Amino acid sequence: QVQLVESGGGLVQPGGSLRLSCTASGIIFSVGTMGWHRQPPGKQRELVARITPGGDTLYADSVKGRFTISRDNGKNTVYLQMNNLKPDDTAVYYCNAESIASNRGPLYNLWGQGTQVSVSS
């Protein structure tokens, strides 16, 4: 019953900020690399950022300097702080865990339900 549960999306004006959260629920021993992906309207899903258990990060060029990914391993939670949002950031944002060690064994490539981020004036 491991799930990724997202929150924090919403509607903001250009230049505004949002913070997304994603928590892995269930009986979990550890979570591997986690990331945020987004799917703009009419576009394919793309990687936004990822973070390893040790805190190493990777960002898409389009969000460098504006977004910050972080995680709390004790809470099995990953965050995405989004600053200076632009209309092109409008998308459904999905949390991803590349692997999760649970009481049911290892799980791979888990996705959250998605949360809408809309940037518009």
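Residues numbered from 1 in each chain as written. Predicted model: local features only at pLDDT ≥ 70, side-chain atom pairs only at ≥ 80, totals over all residues. Heavy atoms only, no water.

Chemist: Requested: an account of the overall build of the protein, with residues and values cited.
Modeler: If you tally the helices and strands in the protein, you get zero helices and 12 strands. Starting at the N terminus and walking to the C terminus, you meet the elements of the protein as β-β-β-β-β-β-β-β-β-β-β-β. Relative to the compact-globule value of 14 Å for 121 residues, the protein shows a C-alpha radius of gyration of 14 Å, a close match. Overall, the C-alpha framework of the protein stretches about 45 × 25 × 20 Å when taken along its three principal axes. Burial statistics for the protein: of 121 residues in total, 45% are counted as buried. In the protein, of all internal contacts separated by at least 6 residues, the share reaching a separation of at least 24 is 56%. Accessible surface, the protein: about 6400 Å² in total, of which carbon and sulfur atoms supply 46%. The centroid of the 11 positive side-chain charges in the protein is displaced by 3 Å from the centroid of its 8 negative side-chain charges. (Helix = DSSP H or I, 4+ residues; strand = E, 2+ residues; numbered from the N terminus. Rg over C-alpha atoms; globule rule 2.2 N^0.38 Å. Buried < 20%, exposed > 50% of the residue type's maximum accessible area, 1.4 Å probe, protein only. Contact = heavy atoms within 4.5 Å. Areas by Shrake-Rupley, 256 points an atom, 1.4 Å probe, with all protein chains shown as cover. Lys, Arg positive; Asp, Glu negative; His and termini not counted. Charge placed at Lys NZ, Arg CZ, Asp CG, Glu CD.)

Chemist: Explain the packing of aromatic side chains to me, and be specific about the residues and the numbers.
Modeler: Counted according to the given criterion, the structure contains zero aromatic pairs. Against the face of Tyr 94 rests Arg 45, its NZ or CZ located 3.7 Å from the ring centre. The aromatic ring of Trp 111 is capped on one face by Arg 45, whose charged end is 4.6 Å from the ring centroid. (Phe/Tyr/Trp six-rings, centres within 6.5 Å; stacked < 30°, edge-to-face > 60°. Lys NZ or Arg CZ within 6 Å of the ring centre and 35° of its normal.)

Chemist: I'd like a description of the pairing of strand β10 (residues 91-102), backed by residues and values.
Modeler: Direction of pairing for strand β4 (residues 28-31) relative to β10: antiparallel, over a ladder of three bridges. Each residue of the ladder has a partner; that of Ser 30, found in β10, is Ala 101. For strand β5 (residues 34-39) and β10, the ladder comprises six bridges, and the chain directions are antiparallel. The residue of β10 that forms the bridge with Gly 35 is Asn 96. Pairing of β10 with strand β12 (residues 115-119), which is carried by three bridges, proceeds in the antiparallel orientation. (Pairing = 2+ DSSP bridges.)

Chemist: Lay out the sheet that holds strand β9 (residues 77-82) with the relevant residues and their values.
Modeler: Strand-to-strand pairing in sheets goes through backbone hydrogen bonds, with the strands running parallel or antiparallel. Across the sheet, four strands lie side by side as β1-β3-β9-β8; this open sheet has antiparallel pairing. The two strands at the open ends of the sheet, each matched to only one other strand, are β1 (3-7) and β8 (67-72). Direction aside, the axes of adjacent strands within the sheet are offset by 15° on average. (Axes fitted to C-alpha atoms, helices over the stretch in contact; angles between N-to-C directions.)

Chemist: Just give me the short version of the nonpolar core, but keep the residues and values in it.
Modeler: By size, the foremost hydrophobic cluster in this structure holds 31 residues, and its most contacted members are Leu 4, Trp 36, Leu 80, Met 82, Tyr 93 and Ile 100. When residues of this core are traced back to their parent elements, those giving at least two are β3 (18-25), β4, β5, β6 (46-51), β8, β9, β10 and β12. The greatest single-element share of this core, amounting to five residues, is contributed by β10. Residues within four places of Tyr 93 in sequence aside, it is in contact with Glu 6, Leu 20, Trp 36, His 37, Arg 38, Val 48, Phe 67, Leu 80, Met 82, Gly 114, Thr 115 and Val 117. (Core = buried A, V, L, I, M, F, W, Y, C linked by side-chain atoms within 4.5 Å.)

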